[in-house]
Amino acid sequence: MARADTGPDFIEALARGLDVIRVFQPGRPVMSLTEVATAAGLARPTARRILLTLQELGYARSEPRGYALTPRVLELGVSYVRSMGLWEVARPHMERLVEQTRESCSIAQLDGSDIVYVARVAVPKIVALSVQIGTRFPALQTSLGKVLLAALPPEEVDRVLAEPSRSGVEPRWRPGVTERDAALREVRAKGWALTDEELALGIRSVAAPLRDGLGNVIAAINVNAHAAETSVERLAEGHLPLLLKTAGAISADWAAYEGVPHATMTSWAPARRADLT
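Below is a short write-up of the structure. (Residues numbered from 1 in each chain as written. Predicted model: local features only at pLDDT ≥ 70, side-chain atom pairs only at ≥ 80, totals over all residues. Heavy atoms only, no water.)

1. Re the packing of helix α6 (residues 143–150) against helix α8 (residues 177–190)
- Put simply, α6 and α8 touch, their axes get as near as 9 Å, and they point 80° apart. Judged on the interaxial angle alone, α8 and α6 are roughly perpendicular. For the pair formed by α6 and α8, the contact residues are K146, V147, L149 and A150 on the first element and L184, V187 and R188 on the second.
- Its residues assigned to classes, the contact of α6 with α8 shows five nonpolar, no polar and two charged. (Axes fitted to C-alpha atoms, helices over the stretch in contact; angles between N-to-C directions. Helix = DSSP H or I, 4+ residues; strand = E, 2+ residues; numbered from the N terminus. Parallel < 35°, antiparallel > 145°, perpendicular 65-115°, else oblique. Contact = heavy atoms within 4.5 Å. Nonpolar A, V, L, I, M, F, W, Y, C, P; charged D, E, K, R; others polar.)

Spelled out as structure tokens, the structure:
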């Protein structure tokens, strides 16, 4: 069935292919044809043709129990990060910050009502929620998301947060509009955001904006910690000054990067994976 509210140039077959890729979620690396068809809302023959096409392109493979995606799918997201050049600019600063704080550091951008992680330098920690490049969380309950939302005009915040989250995560903190707006006003006034177990138990983080040469917020960077190991006071008094210095340095380097002609960078390594938000 064709989708509603699509334009005349909408390619339904492409949309269905992306739907099939998206049904493979954490905890479901291998799915049967029936499971894929049901999750994507497709007829079995349609789902089968899409899976076979993905298999021929190298994005999926056949398993004894069904189908699985291949690491080549990461190329779709990596192309986005590569096109930004932000990882190359931010990486040495992030690594230095991790050495100083001994905590993980991430960069994220806003996508609807979610944040999406686009760069990460991590230390091994075990908590309830794992993070890798492409991970999504509800924006309002994360320090990264608060920074990004606070950079938007108030009317834009309403529009963005009206979109349903695609993260699959149920946050602990569910503020009303008045409480939400007060929290974002505080972030605008301070220039940074701190969250204390608002997304999930055990997760604390502090974030700051990354800006381009015109002062526009292009992303957010954070330091995150386990609540059992790092107090709010240590996060705010010890890690925050280092984070703000790092955010300023990345922003300055990014402004310089944008301001001069340069060839496309081909030397790139993906950000590290870890198990901490």
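2. Remarks on unusual backbone geometry
- At R102, a residue that is not glycine, the phi angle is positive and equals roughly 60°.
- Tracing the sequence through the fold places R102 in the loop between α5 (86–101) and β4 (104–111).
- One non-glycine residue, E197, adopts positive backbone phi at about 60°.

3. Structural notes on the layout of surface pockets
- Approximately 330 Å³ is the volume found for the second largest pocket.
- Lining the second largest pocket are 20 residues, and of these P138, Q141, S165, P171 and R174 sit closest to its centre.
- Tallied by class, residues from the lining of the second largest pocket come to nine nonpolar, six polar and five charged. (1 Å grid on protein atoms, 1.4 Å probe; cavity = no way out; pocket = protein on both sides within 12 Å on 5 of 7 lines; lining within 4 Å. Points joined across faces, edges and corners; volume = space filled by probe spheres on them.)

4. Things to note about the packing of aromatic side chains
- Counting across every chain of the model gives one aromatic pair.
- When the ring of Y117 is compared with that of F137, the centres are 5.9 Å apart and the planes differ by 90°; the resulting orientation is edge-to-face. Remark: F137 occurs in strand β6 (residues 136–138) and Y117 occurs in strand β5 (residues 114–121); sequence separation between them is 20 residues. Accessibility assignment for this pair places Y117 and F137 in one class, buried.
- In this structure, K190 is placed above the aromatic ring of W192, and the distance from its NZ or CZ to the ring centre is 4.0 Å. (Phe/Tyr/Trp six-rings, centres within 6.5 Å; stacked < 30°, edge-to-face > 60°. Buried < 20%, exposed > 50% of the residue type's maximum accessible area, 1.4 Å probe, protein only. Lys NZ or Arg CZ within 6 Å of the ring centre and 35° of its normal.)

5. Observations regarding the sheet that holds strand β9 (residues 217–226)
- Sheet architecture is open: six strands sit in the order β6-β5-β4-β9-β8-β7, paired in antiparallel fashion. Of all the strands in the sheet, just β6 and β7 (193–196) have a single pairing partner and so form its edges. Taken pair by pair, the neighbouring strands of this sheet meet at an average axis angle of 30°, ignoring direction.
- Here β4 pairs with β9 via five bridges, running antiparallel. (Pairing = 2+ DSSP bridges.)

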